[in-house]
Amino acid sequence: MNEFNALESKNLTIIIHTNGTEIPSIIYWGKKINNSIFDSNLSLAIKRPIPQAFLDEDVKVSLLPEEGRGFYGNPGLKGVSCRKSWTTQFQLQDMKFDSQNCNIKCIDKTASLELLINLQLDYETGVLQISNSIKNIGSNEYDLHDFAVTLPVDRSSNELLSFKGRWIHEFTTERINWNFGSYVRENRKGRTSHDNIPYLVVGNKGFSESKGELYGFHFAWSGNNRLNASVLSDGSKIVQFSELLLPGEIVLGKNETYHTPKLYAAYSSEGLNVMSNSFHTFLRNSDEFIKFKRKDRLVHFNTWEAVYFDHTAKTLNDLVDKASDLGIERFILDDGWFNGRNGEKAGLGDWYVDKNKYPQGLNPLINYVQTKGMEFGIWFEPEMVNSDSDLFRNHPDWVLQVSGYKQPLGRYQYVIDLSNNEAFNYIFERVDCILEEYEIGYVKWDMNRDLCQPGNNCGIVSVHSQVKYFYRLLKLLNKKHPDIEFESCASGGGRADFEVLKYTNRIWTSDCNDPLERHLIQKGFSYFLPQEIMGAHFGPSPAHTTMRESSLQFRILTSMIGHLGFEQNVLTLSDNERKQLKEYIKLYKKYRNLIHNGDFFRLDTDDTNLNAYGVVSKDKNEAVLWICQLVLPEFQIPEKVRIPYLNNNVEYIVNVLDKPENMSFNMKKTTDWLAKNIELTGEILEKIGIQLPVMDPESIILIHFVAN
Ligand code: GLA
């Protein structure tokens, strides 16, 4: 076994150090090292001193830091067997290595545990995947408490970009100084959650969209999780993610193994945009994530805000007419189509078409949608059951619960215990039956409550199993219906993670379609997730979730940053609005290939009220840029926008695709380029930039750049 082994991608190097029989550690993760000799000189160079009042041996941060070796931070593994084996000293047994993969096997004979650590570095994007597994090789049960994937980061990292949110306010961010102690986040909601999503960026103070050294982390798990980012007393800095296990949740019998979810991580020496692009490109390139099944991402119409539970044939047909006339390509029947579902209090679980609303089933509507040239999609919330439903009346024991305790309902519903075979089969059969019977191209898969008292019918905690069975359900349905596209929705963006993206093709970002709020939400989303899977719908003014009014231009251009759809009741549009939206949909279709396949970037702006984002094609010959003034500019004359992602020596035609129809009294004389195409080189656009006009709050200018 070599003392040093290097994982290498196109642009970076990770060096793994093996010290005798201890668990290896990462001693370097950063810019590519091209001319190095990893020999005993490097050993001497990195050897650490032993300070006074410390242990007499050096204790380094390994890939699984162990309390039993004198590690005083959060140990990688916590568990116990018959009150013993509560700590470990693993011995390295084997390490298989090539320049993109590393498999480490360690055994602790005293604790009767076998540990595997797997690292994979994607050559193209530099995205690192790491996961661990632990096997009980003894005969007593091992009660696992916590098993964290651990990665060290450079100790110069002293700022965190953390992610938070709530319903209708997802993916928001906060900067936090990271100088001492631990930053801990815990999600106990049983889904990826709105509030403690397992995303994190750590980097050198002041890292920005285009500058600074940083590491991004994304824990791919749709259940409970714990994040621990610690500054240790020896100055080391580590980031740990684990599945948050509830008491007694994982008890390993003889020869049983627990696998951690995967942690995905990316390093960037040039700010957040490079990190985002590494993740986006990785998701697009990897075969593990399911691909879009149509050539283009179809423009959606979703019935929720237009009709809520009030489904009548006349209104739905009228919506179909108007939607297709606008150029919409997929019509999605949201909540309200199944037995007893006339409001949120009843019906979930009874997945039979409601004959009162649809006397001849769904075919008349589906046929009509198809004659209008659109695809049909449908909403399900399969993991749930209302207390007022036949399913619950017949099988009250099928829900997650703790017997003897009263459980609070959430949106009047319980969560079905998917580890119960009968319940699982019932759900699969019901969804499958609808998908078999009708020509359905798309499923919006919803999940509208957090888990509470997640006990199975033996009274044992079942969050882990619930998540695994949820994946299994989707996997089976994907297999049986390979042409159907699935969307992950959980009261908006409550289930947005890389693991769910192995089974779904789109994320419903948020129930909020107020464009001002959407800028916060969509920007946060874009750090880890690509724009083509970001459901972004045009909604009414005032917005149903905020009552804020906004212009049609601001609403539609904001939705065009992602995968465009419509939530607004298209029957209530004026003729003029209809005309405008038709043109916008045409514009979107013209550029969607670029928007959905190019590299997304966010520009650094001086004005914190100005968001500017764009997408540039892989060959850099073309780009679109949204300049979004959210509230009034800070200064009387705004800044110049500079775009550092074009080809320096290429000349671009700068063409304004859209701007607000009227500008207020704010501006006496506008900038000339708004009315006349100009031609500038990539270098000028990067170094000098283009002067912005004085923009009104909540307005957008959309610009196109194309190589001349
Ligand atoms: C959730 C979703 C909405 C809608 C409703 C239907 O709130 O996020 O988009 O589908 O459920 O009940």
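Above: the structure in question.
Conventions and cut-offs
Residues numbered from 1 in each chain as written. Predicted model: local features only at pLDDT ≥ 70, side-chain atom pairs only at ≥ 80, totals over all residues. Heavy atoms only, no water. Helix = DSSP H or I, 4+ residues; strand = E, 2+ residues; numbered from the N terminus. Rg over C-alpha atoms; globule rule 2.2 N^0.38 Å. Buried < 20%, exposed > 50% of the residue type's maximum accessible area, 1.4 Å probe, protein only. Contact = heavy atoms within 4.5 Å. Lys, Arg positive; Asp, Glu negative; His and termini not counted. Charge placed at Lys NZ, Arg CZ, Asp CG, Glu CD. Axes fitted to C-alpha atoms, helices over the stretch in contact; angles between N-to-C directions. Parallel < 35°, antiparallel > 145°, perpendicular 65-115°, else oblique. Left-handed = near helix turned anticlockwise from the far one by under 90°. Nonpolar A, V, L, I, M, F, W, Y, C, P; charged D, E, K, R; others polar. Near = heavy atom within 4 Å. Polar contact = N/O pair within 3.5 Å; in protein donor to acceptor, adjacent residues only side chain to side chain. Areas by Shrake-Rupley, 256 points an atom, 1.4 Å probe, with all protein chains shown as cover. Pairing = 2+ DSSP bridges. Salt bridge = Lys/Arg side-chain N within 4 Å of Asp/Glu carboxyl O. Phe/Tyr/Trp six-rings, centres within 6.5 Å; stacked < 30°, edge-to-face > 60°. Lys NZ or Arg CZ within 6 Å of the ring centre and 35° of its normal. Core = buried A, V, L, I, M, F, W, Y, C linked by side-chain atoms within 4.5 Å. Right-handed = clockwise from strand over helix to strand, strands pointing away. Expected span 1.5 Å × (residues − 1).

A.B. asks: Sorry, what's going on with the overall build of the protein chain here?
C.D. replies: Secondary structure summary: the protein chain contains 12 helices and 38 strands in total. Relative to the 2.2 N^0.38 estimate, which gives 27 Å for 708 residues, the radius of gyration of the protein chain is 27 Å and therefore close to what a compact globule would have. Its C-alpha atoms put the protein chain at 80 × 70 × 35 Å along the principal axes. Among the 708 residues that make up the protein chain, the fraction classed as buried is 60%. Contacts in the protein chain between residues at least 24 apart in sequence constitute 70% of all its contacts with a sequence separation of at least 6. Here the protein chain holds 77 positive side-chain charges and 91 negative ones, and the gap between their average locations is 1 Å.

A.B. asks: Just to check I follow, could you spell out the packing of helix α10 (residues 552-559) against helix α11 (residues 575-597) for this structure?
C.D. replies: Each pair of packed helices can be described by the angle between their axes along with the distance between the axes. For the pair α10 and α11, interaxial distance at closest approach is 11 Å and the crossing angle is 25°. Taken together, the axes of α10 and α11 are roughly parallel relative to one another. Viewed along their axes, α10 and α11 form a crossing whose handedness is right-handed. Facing Leu 552, Gln 553, Ile 556 and Leu 557 of α10, the residues of α11 in contact are Glu 577, Gln 580, Leu 581 and Tyr 584. When the residues that make up the contact of α10 with α11 are grouped by side-chain class, the tally is five nonpolar, two polar and one charged.

A.B. asks: Honestly, the site of the ligand in this entry has me stumped. Any pointers?
C.D. replies: Around the ligand sit 13 residues, and of these Asp 334, Asp 335, Arg 411, Lys 444 and Asp 511 come closest. Side-chain polar atom of Arg 411 to an oxygen atom of the ligand: 2.9 Å apart, as the coordinates give it. Between the ligand and Asp 446 there is a distance of 2.9 Å, counted from an oxygen atom to a side-chain nitrogen or oxygen. Protein contact buries 96% of the 310 Å² of open area that the ligand shows by itself. Taken together, the residues of the shell around the ligand sort by class into four nonpolar, three polar and six charged.

A.B. asks: Would you take a moment to explain the sheet that holds strand β9 (residues 142-147) for this structure?
C.D. replies: Pairing between the strands of a sheet is mediated by backbone hydrogen bonds and can be parallel or antiparallel. Overall, antiparallel pairing links the three strands, which are arranged β4-β9-β18 in an open sheet. Sheet topology places β4 (77-80) and β18 (250-252) at the edges, where each strand pairs with a single neighbour. For this sheet, the mean angle separating the axes of adjacent strands, direction not counted, is 35°. Alignment of β4 against β9, held across four bridges, turns out to be antiparallel. Along β9, the bridge assignment pairs Leu 77 with Phe 147.

A.B. asks: How should I be thinking about the sheet that holds strand β23 (residues 375-380) in this particular structure?
C.D. replies: Pairing is parallel around the closed barrel formed by eight strands, whose spatial order is β21-β22-β23-β26-β27-β28-β29-β30. Averaged over all pairs of adjacent strands, the angle between strand axes in this sheet comes to 30°, irrespective of strand direction. Note: strand β27 (residues 485-488) against strand β28 (residues 506-508), two bridges, orientation parallel. Bridging across to β28, Ser 488 finds its partner in Ile 507. Set on the sheet, helix α5 (residues 363-371) makes contact with β22 (330-333) and β23; between it and β23 the angle comes to about 140°. α11 contacts β29 (534-538) and β30 (563-566) of the sheet and is inclined by roughly 155° relative to β30.

A.B. asks: How do you make sense of the side chain of Glu 567 when you look at a structure like this?
C.D. replies: Note on placement: Glu 567 falls in the loop between β30 and α11. The buried charged residue Glu 567 lacks any salt bridge partner; its closest oppositely charged side chain belongs to Lys 444, at an N-O distance of 4.8 Å. Within the structure, Glu 567 has its side chain in polar contact with the side chain of Asn 302 (distance 2.8 Å). Among the polar contacts listed, one links the side chain of Glu 567 to the side chain of His 537, at a separation of 2.6 Å. If sequence neighbours within four positions are ignored, Glu 567 has contacts with Asn 302, Trp 304, Glu 305, Ala 306, Trp 508, Asn 513, His 537, Phe 538 and Gly 539.

A.B. asks: How do you make sense of the packing of aromatic side chains when you look at a structure like this?
C.D. replies: By convention here, two paired aromatic rings are described through the distance between centres and the angle between planes. A full pass over the atoms with the stated rule returns 38 aromatic pairs. Both rings, one in Phe 279 and one in Phe 528, keep their centres 5.1 Å apart while their planes meet at 45°; by these two values the pair is tilted. With a gap of 249 residues between them, Phe 279 in helix α2 (residues 271-285) and Phe 528 in the loop between α9 (515-526) and β29 connect regions that are remote in the sequence. For the pair shown, Phe 279 and Phe 528 are each scored as buried. Pairing Trp 337 with Phe 380 gives two aromatic rings, centres 5.4 Å apart and planes at 85°, and the pair type is edge-to-face. Residue Trp 337 is found in the loop between β22 and α5, and its partner Phe 380 is found in strand β23; the two are separated by 43 residues along the sequence. On the basis of relative accessible area, Trp 337 is assigned to the buried category, the value being 0%. These aromatic residues form a ring-pair network of at least three members: Phe 163, Phe 171, Tyr 199, Tyr 264, Phe 279, Phe 282, Phe 289, Phe 498, Phe 525, Tyr 527 and Phe 528. The cationic tip of Arg 297 hangs over the ring face of Phe 292; the distance from NZ or CZ to the ring centre is 3.9 Å.

A.B. asks: What is the right way to look at the side chain of Ser 462 in this model?
C.D. replies: Looking at where Ser 462 falls in the secondary structure, it is placed in the loop between β26 (442-445) and α8 (463-480). Setting aside its immediate chain neighbours within four residues, Ser 462 contacts Glu 249, Leu 400, Asp 417, Ser 419, Pro 454 and Asn 456.

A.B. asks: What am I meant to see in the nonpolar core here?
C.D. replies: Most often, soluble globular proteins keep nonpolar side chains buried together rather than apart. Membership of the largest hydrophobic core comes to 181 residues, with the highest contact counts inside it found for Trp 29, Leu 119, Phe 217 and Trp 626. In this structure Trp 29 touches Leu 12, Thr 13, Ile 14, Leu 128, Leu 151, Pro 152, Val 153, Tyr 215, Phe 217, Ala 265, Ala 266 and Tyr 267, once residues within four positions along its chain are discounted. Of all hydrophobic cores here, the second largest spans 26 residues; its members include Leu 625, Tyr 645, Leu 680 and Ile 701.

A.B. asks: Is there a simple way to explain the pairing of β26 in this structure?
C.D. replies: Two faces belong to every sheet, and in a regular strand the side chains alternate between them. Neither face of β26 is exposed, since Tyr 442 and Lys 444 on one face and Val 443 and Trp 445 on the opposite face are all buried. Bridging between β23 and β26 involves four bridges; their strand directions are parallel. Opposite Ile 378, over in β26, you have Val 443 as the bridge partner. Taken together, the four bridges between β26 and β27 define a ladder with parallel strand orientation. Paired with Val 443 across the two strands is Phe 486, which belongs to β27. Between the parallel pair β26 and β27, the chain is carried across by α8, and the sense of this crossover is right-handed.

A.B. asks: Mind showing me how you'd approach the environment of Ala 323 here?
C.D. replies: Tracing the backbone through its elements, the reader meets Ala 323 in helix α4 (residues 313-326). Sequence separation between Ala 323 and Ile 250 is 73 residues; the distance between their C-alpha atoms is 50 Å. Aside from chain neighbours lying at most four places away, what touches Ala 323 is Phe 301, Ile 328, Met 374 and Val 570.

A.B. asks: For this particular structure, what's the right way to read α8?
C.D. replies: Residues that lie three or four places apart on an α-helix share one face, since the helix turns once every 3.6 residues. An ideal rise of 1.5 Å per residue puts 26 Å on 18 residues; α8 measures up with 26 Å between its terminal C-alpha atoms. Where α8 is concerned, the buried positions are Val 463, His 464, Gln 466, Val 467, Phe 470, Tyr 471, Leu 473, Leu 474, Leu 477 and Asn 478. Of the surrounding secondary structure, the elements contacted by the buried residues of α8 are β18, β19 (257-259), β25 (413-415), α7 (421-437), β26 and β27.

A.B. asks: I would appreciate a short explanation of α7 in the present structure.
C.D. replies: Taking 1.5 Å of rise per residue, the 17 residues of α7 would be expected to cover 24 Å, and the 24 Å separating its terminal C-alpha atoms lies within 8% of that figure. By the burial criterion, the buried members of α7 are Ala 423, Phe 424, Tyr 426, Ile 427, Phe 428, Arg 430, Val 431, Asp 432, Ile 434 and Leu 435. Buried positions along α7 lie against β23, α6 (390-394), β26 and α8.

A.B. asks: Help me understand the pattern of salt bridges in this model?
C.D. replies: Side chains carrying opposite charge are able to pair once their charged atoms draw close together. Within this structure, the stated rule accounts for 46 salt bridges. A salt bridge links Lys 189 to Asp 195; the nearest nitrogen and oxygen atoms lie 2.8 Å apart. Taking relative accessible area as the criterion, Lys 189 reaches 30% and is therefore assigned partly exposed. Residue classification places Asp 195 among the partly exposed positions, given a relative accessible area of 22%. Its salt-bridge partner being Arg 495, residue Glu 383 comes within 2.8 Å of it at the nearest N-O pair. Linking Glu 383 in the loop between β23 and β24 (384-386) with Arg 495 in the loop between β27 and β28, this pair joins segments that are 112 residues apart in sequence. The pair Glu 383 / Arg 495 is uniform in exposure class, with both members buried. Through salt bridges with shared partners, one network takes in Lys 78, Asp 146, Glu 186, Arg 188 and Arg 226.

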